[in-house]
Amino acid sequence: MKKTLLLLFISFLCMGVFAQEEVIRGDTTNNATVVGLPLVKEQTQFNCLVKFKPLSTVLGAVFGVFNLEMAVVPYVAPKIGIPVEVQIAAGYGAFGIALLSGIEAVPLTHREKSGLFLDLLAGVVSANGFGFCTTAHAGYQWVSKKGFVLNPAIGIRYDTIINKPGLQIKIDIGFARKIKQ
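A brief look at the structure comes next. (Residues numbered from 1 in each chain as written. Predicted model: local features only at pLDDT ≥ 70, side-chain atom pairs only at ≥ 80, totals over all residues. Heavy atoms only, no water.)

Okay, the overall build of the chain next. Within the chain, the secondary structure is distributed over two helices and twelve strands. Along the chain, helices and strands appear, N-terminal first, in the series α-β-β-β-α-β-β-β-β-β-β-β-β-β. Here the chain, with 181 residues, has 35% of them falling under the buried criterion. Carbon and sulfur atoms make up 70% of the accessible area of the chain, which totals about 11,200 Å². (Helix = DSSP H or I, 4+ residues; strand = E, 2+ residues; numbered from the N terminus. Buried < 20%, exposed > 50% of the residue type's maximum accessible area, 1.4 Å probe, protein only. Areas by Shrake-Rupley, 256 points an atom, 1.4 Å probe, with all protein chains shown as cover.)

Below, the discussion takes up the pattern of salt bridges. Pairing is possible between side chains that carry opposite charge, provided their charged atoms lie close to one another. The final tally for this structure, using the stated rule, is five salt bridges. One salt bridge in this structure joins Asp 172 and Lys 53, with 3.1 Å as the shortest N-O distance. Here Asp 172 is found in strand E12 (residues 166-177), whereas its partner Lys 53 is found in the loop between strand E3 (48-52) and helix H2 (54-62), with 119 residues between them in sequence. You'll find Asp 172 and Lys 53 in the same group, each marked buried. Ionic pairing is found between Lys 170 and Asp 119, a salt bridge with its closest N-O pair at 3.3 Å. One end of the pair, Lys 170, is in strand E12; the other, Asp 119, is in strand E9 (residues 114-126), and 51 residues separate them in sequence. The class of Lys 170 is buried, set by a relative accessible area of 8%. The class of Asp 119 is buried, set by a relative accessible area of 4%. (Salt bridge = Lys/Arg side-chain N within 4 Å of Asp/Glu carboxyl O.)

Spelled out as structure tokens, the structure:
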């Protein structure tokens, strides 16, 4: 549990550092001036991503288990989203469902929402009882100009049903949408 809390703390610290919008620079008269960051070229403003996790579905089929995972990520700021993820698994006489939410950030981008990817999710799991689950990932998110999303990442997962942390590799594919607000 201590490792999970340390991972959460480091993740939030990294996201806070990269979420800065202004840079303070001193001039020759020792007066501090606030200078805005250079504006990024205007791009299609996607504000919602829908992601599917085909790697878990394919691996589940190989092992004779039905596994479906998907996430919807509305972006509340240009580089920060609030994902809602649903995971459903059935096989070997058991059924499980998980509902997770948290924060997703793309702090270093080379194009809109494309770049270094960090996420931190927590939620409930129901499989032979109820439990708590948390995941944290780091990877690369690529969003094309037409809206195709590819997101390979590696991270750690911990839940109270298995009660031990584990490595998690994910490859998300999906699409980006512009939702009118």
